[in-house]
Structures are given as C-alpha cells and as structure tokens.
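Chains, contacts and geometry: an overview
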Amino acid sequence: MRTPRDPGVRVRLLAALLWGWEPSAVRVGTEAVDARTGPAAVSAAARGNRLRAVASASADRPFVVEVRLEETVPGDPLHALTGPEKAVVHGCPDAGDITVSGGRSSPLGAALAMLRDTLDVTAPRGYGFG
C-alpha cells in the first residue's frame, strides 16, 4: 500500500512559508492508495473525470495538511494537468480562487516558478519576490 506523499510535502512547505508555521510541526494525513484506487480511477474516467491526489491546508486548521483522492471534473484546474504539471489553487475570500500552474517542460523549474508565484500572490505588499 502506498500513500501520495509528494503533494503533502509540497503543501506542508508552502503552508509553513505562507502562515509562518514550523515545517516540522505540520502533520500530513494521507488517504492510502490501495486496491480500491484503480477501480475508482477507471470509474471516474468512464464519466470523463480524473482521480487526483489533492493536498489542502487552511489557516483555520493550523499545522494540518490533508491529502485525499478526489475526483475532478472537466473545468477543474487540477483536471487538465498531465505528466509533471502541478497546480496550486489559493482560496482568496477577496478575489476568489487564484490558480498557479505549470511544469510541462521542467518539473524543477515549474516547482520554483510556482513557489515564486505563490509567494508573490500571498506576500504582504512591499515584500514581493522576483
């Protein structure tokens, strides 16, 4: 049995940066990838959907990151991702959801660009990262 750890680690680090949490204190709960996952993915695909490992964190639940398998539908920013592509959806009460995505050509480049864009979006004015 495997667990989808990579999204949880990424969100743990982003949450620690965004909210000033100590990274080692952030706990990541994961939903297991097991014998039920394959049939669930096939069932989702039959409906035109995709099963994705989705990590989430909220300032309202300090030091907690959860990774769940979620069925995404066409139009969802996570639905269209392929290969090494990654996306972060920031739920912003004042501006709605803001999605930062990329990574077709270089997984490392995409991760660095996503981190930079995330910090630019969330950093206090006057402290932008360029």
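What counts, and at which threshold
Residues numbered from 1 in each chain as written. Predicted model: local features only at pLDDT ≥ 70, side-chain atom pairs only at ≥ 80, totals over all residues. Heavy atoms only, no water. Helix = DSSP H or I, 4+ residues; strand = E, 2+ residues; numbered from the N terminus. Buried < 20%, exposed > 50% of the residue type's maximum accessible area, 1.4 Å probe, protein only. Polar contact = N/O pair within 3.5 Å; in protein donor to acceptor, adjacent residues only side chain to side chain. Contact = heavy atoms within 4.5 Å. Pairing = 2+ DSSP bridges.

This brings us to the environment of arginine 36. As for its position among the elements, arginine 36 is in the loop between β1 (27–30) and α2 (37–46). What makes arginine 36 exposed here is its relative accessible area of 63%. Here aspartate 34 takes part through its side chain, which lies 2.7 Å from a polar atom of the side chain of arginine 36.

Another point: the side chain of threonine 37. Mapped onto the elements of the fold, threonine 37 is located in helix α2. The exposure class of threonine 37 is buried, given its relative accessible area of 15%. When near neighbours in sequence (up to four residues on either side) are disregarded, threonine 37 contacts Ala32, Leu51 and Leu69.

Relative to strand β5 (residues 96–102), strand β4 (residues 86–92) runs antiparallel, the two sharing seven bridges. In the strand pairing of β5, valine 88 is matched with valine 100. A loop of three residues connects β4 with β5, the two strands running antiparallel in sequence.

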